Amino acid sequence: MTKNINWGIMGCGGIAREFADALKAVEGANLIAAASKSGKAKQFAEDFNLAYYYDDYEEFVRNEEIDVVYVATTHNFHYENTMLCLNNNKHVLCEKAFTLNAKQASRLIEIAKSKKLFLMEAMWTRFSPALAKLISVIKAGVIGEIKTLKGDFCIDVPFDPKHRLYNINLAGGSLLDLGIYPITFACMILERYPVEITGTLNIGKTSVDQESHYLLKFDKGETALLSSACTYSAPIDFVIYGTKGRIVVPNFYFPAKLILMKNGKTEEIISVPYESNGKNYEAIEVMECILQNKTQSDKQTFYDTLKIMEILDSLREAYLTYPNENDF
Ligand SMILES: NC(=O)c1ccc[n+]([C@@H]2O[C@H](COP(=O)([O-])OP(=O)(O)OC[C@H]3O[C@@H](n4cnc5c(N)ncnc54)[C@H](OP(=O)(O)O)[C@@H]3O)[C@@H](O)[C@H]2O)c1
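Computed from a prediction, not measured in an experiment: that's the story for all the values here.

Q: Explain the overall build of the chain to me, please; I cannot follow it from the model alone.
A: In terms of regular secondary structure, the chain is built from 9 helices and 14 strands. Over its C-alpha atoms the chain spans a radius of gyration of 20 Å, differing by no more than 12% from the 20 Å that the globule rule assigns to 328 residues. Dimensions of the chain, computed from the C-alpha atoms along their principal axes, are close to 60 × 50 × 35 Å. The 328 residues of the chain split such that 48% are buried. Sequence separation of 24 or more characterises 67% of the internal contacts of the chain that already satisfy a separation of 6 or more.

Q: Explanation requested: the site of the ligand in the structure shown.
A: Near the ligand, the surroundings consist of 21 residues, among which Gly-11, Gly-13, Ile-15, Ser-36 and Ser-38 are the closest. For the shell around the ligand, the leading source of residues is helix H1 (residues 14-23), giving 3 residues. Counting contributing residues per domain, the shell around the ligand is built from domain 1 (5-124) and domain 2 (129-271), each supplying no fewer than three.

Q: What should I look at first to understand unusual backbone geometry in this one?
A: Phi is mostly negative for residues that are not glycine, and the peptide bonds are mostly trans. At the junction of Lys-96 and Ala-97, the peptide bond is cis and its omega measures out at -15° in the coordinates. Mapped onto the elements, Ala-97 comes out in the loop between strand S5 (91-95) and helix H5 (102-115). With a phi angle near 55°, Glu-191 is a residue other than glycine that sits in the positive phi range. Take Glu-191: there are 9 C-beta atoms within 10 Å of it, and that puts it in the exposed class. In the Ramachandran plot, Asn-324 falls in the positive-phi region, its phi being about 60° despite a non-glycine side chain. Examined against the element boundaries, Asn-324 turns out to sit in the segment after helix H9 (302-316).

Q: Is there a simple way to think about the sheet that holds strand S9 (residues 209-217) in this case?
A: Within a beta sheet, neighbouring strands are joined by backbone hydrogen bonds and run either parallel or antiparallel to one another. Reading across the sheet, the 8 strands line up as S8-S9-S10-S7-S11-S12-S13-S14 and stay open at both edges, with mixed pairing between neighbours. Of all the strands in the sheet, the pair left with one neighbour each is strand S8 (196-203) and strand S14 (265-271). Shown here is a sheet whose adjacent strand axes are inclined to one another by a mean of 15°, direction ignored. Contacts between helix H6 (residues 129-139) and the sheet are confined to strand S7 (146-154), strand S11 (237-242), strand S12 (245-250), strand S13 (257-262) and S14, with S13 contributing the most and set at about 25° to the helix.

Q: How should I be thinking about the domain arrangement of the chain in this particular structure?
A: Note: interface size is frequently given as the accessible area lost on complex formation between the parts. Partitioning the chain into domains gives domain 1 (5-124) and domain 2 (129-271). Put simply, the middle of domain 1 and the middle of domain 2, counted by C-alpha atoms, are 27 Å apart. In this assembly, 8 residues from domain 1 lie in contact with 8 residues from domain 2. Along the lines of polarity and charge, the residues of the side of domain 1 that touches domain 2 split into 4 nonpolar, 3 polar and 1 charged.

Q: Teacher, can you tell me more about the environment of Gly-14 here?
A: Of note, Gly-14 is situated in helix H1. Separated by 166 residues in sequence, Gly-14 and Ile-180 have C-alpha atoms that sit 19 Å apart.

Q: Sorry if this is basic, but what is going on with the pairing of S9 here?
A: Looking along a regular strand, one sees side chains alternate from face to face of the sheet. Pairing between S8 and S9: 8 bridges, direction antiparallel. Paired with Leu-201 across the strands is Ser-212, a residue of S9. Hairpin remark: S8 followed by S9, antiparallel, with 5 residues in the connecting loop; positive phi at Ser-207, about 70°. As defined by bridge partners, S9 adjoins strand S10 (residues 223-229) across 7 bridges and the pair is classed as antiparallel. Paired with His-213 across the two strands is Ser-227, which belongs to S10. Remark: 5 residues form the turn of the hairpin made by S9 and S10, two consecutive strands paired antiparallel; Gly-221 in that turn has positive phi of roughly 95°.

Q: Looking at this model, I keep getting lost on the nonpolar core. Mind explaining?
A: Most often, soluble globular proteins have nonpolar side chains that are buried together. Residues Ile-9, Leu-23, Ala-34, Val-92, Ala-186, Ile-189 and Leu-312 are the most contacted members of the largest nonpolar core, which totals 104 residues. Ranked by residues supplied to this core, first place goes to helix H7 (residues 174-190) with 12 residues. Both domains that meet at this core, namely domain 1 (5-124) and domain 2 (129-271), each give it at least three residues. Those residues in contact with Ile-189 that sit more than four places away from it in its chain are Leu-134, Ile-135, Ile-138, Leu-149 and Ile-240.

Q: Explain the pairing of strand S2 (residues 29-35) here, please?
A: Taking burial as the measure, the 7 residues of S2 include 5 buried ones, the bulk of the element. Examined bridge by bridge, strand S1 (residues 5-10) and S2 share 6 bridges and lie parallel to one another. Within the sheet, the bridge partner assigned to Asn-6 lies in S2 and is Asn-30. Following the backbone out of S1, through H1 and into the adjacent parallel S2, one traces a crossover that is right-handed. With helix H2 (residues 41-48) bridging S2 and its parallel neighbour strand S3 (residues 52-54), the resulting β-α-β unit is right-handed.

Scoring rules and cut-offs
- Residues numbered from 1 in each chain as written.
- Predicted model: local features only at pLDDT ≥ 70, side-chain atom pairs only at ≥ 80, totals over all residues.
- Helix = DSSP H or I, 4+ residues; strand = E, 2+ residues; numbered from the N terminus.
- Rg over C-alpha atoms; globule rule 2.2 N^0.38 Å.
- Buried ≥ 20, exposed ≤ 12 C-beta atoms within 10 Å, placed from the backbone.
- Contact = placed C-beta atoms within 7 Å.
- Near = placed C-beta within 6 Å.
- Domains from an automatic or database assignment.
- Pairing = 2+ DSSP bridges.
- Axes fitted to C-alpha atoms, helices over the stretch in contact; angles between N-to-C directions.
- Nonpolar A, V, L, I, M, F, W, Y, C, P; charged D, E, K, R; others polar.
- Core = buried A, V, L, I, M, F, W, Y, C linked by C-beta atoms within 7 Å.
- Right-handed = clockwise from strand over helix to strand, strands pointing away.

Right under this line is the structure:
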């Protein structure tokens, strides 16, 4: 990459700080501005040495020096925040879950296409060097034919009705926040989307899903047995079972190693370290696409985002509706 790209960040919470750190490792990435409606932008700008900070998103998007905005607010705001950026001619990288539902995602994609702006869901796992290695090992037939996938993203977050994981007004619940990872990982590995989708969600006292289990079936008969929860912890492992062995992927949301097992024993540990905190890879993809005047990434396509949103819609259909999710 030769040309510099100016980044702005909308929403100055936890993930915004991680992304800002990652941008330091990306050649040509200039983080110049941040906006926070809750007054966190000044401190953020000081911490990351930014030229501009805003307490108002509308003012922020009018800054003509910003090329691309990283939308780092909670899911409930993604649609309106991304729409504001697109309507002000900014390219956008928007955190997962991309929107509340597939209809919202589809609308944003239409606008990006019509305005010839780049738009991508920040599914950072897609750009993990270990994922590329995993897919190449599977394709080489090392574990034979894939039969079943298993993966959990379960973490123990103390109950707090205001926390984004428990707050329905912030589109809380484990499905959109955590379950999206094993669901997306299964589809990334098989490079296809399921033909059958079933699941069960346990709705807690704040009306969001606290523990959820998913069963996906793919067209060649492979199954994926997945779960997410915010009330208990479990190893964040993903296991791919094949006819000749299995591969365990610890911390699969951004892995650094693959454990190849055959006949019940570890045969090889394949180390695939990543640079910085891993968020740098999605930023590089965004910048390369913008410099090539693309509206979407070939790696994380609009189709991928829509299919995942459709799966999430289908899994929660019988259990959970977010406030105002259809008002747009
Ligand atoms: N890729 C990853 O590894 C990863 C990891 C964690 C989270 N995420 C995703 O990133 C997004 C943000 O997560 P986070 O942990 O950074 O969230 P957070 O720190 O709780 O909040 C992020 C921002 O959202 C706005 N916000 C939060 N709660 C609000 C409320 N009650 N009322 C109004 N605005 C509120 C605030 O924006 P202002 O600063 O403008 O006030 C806040 O700074 C989520 O969509 C999540 O799924 C991704």
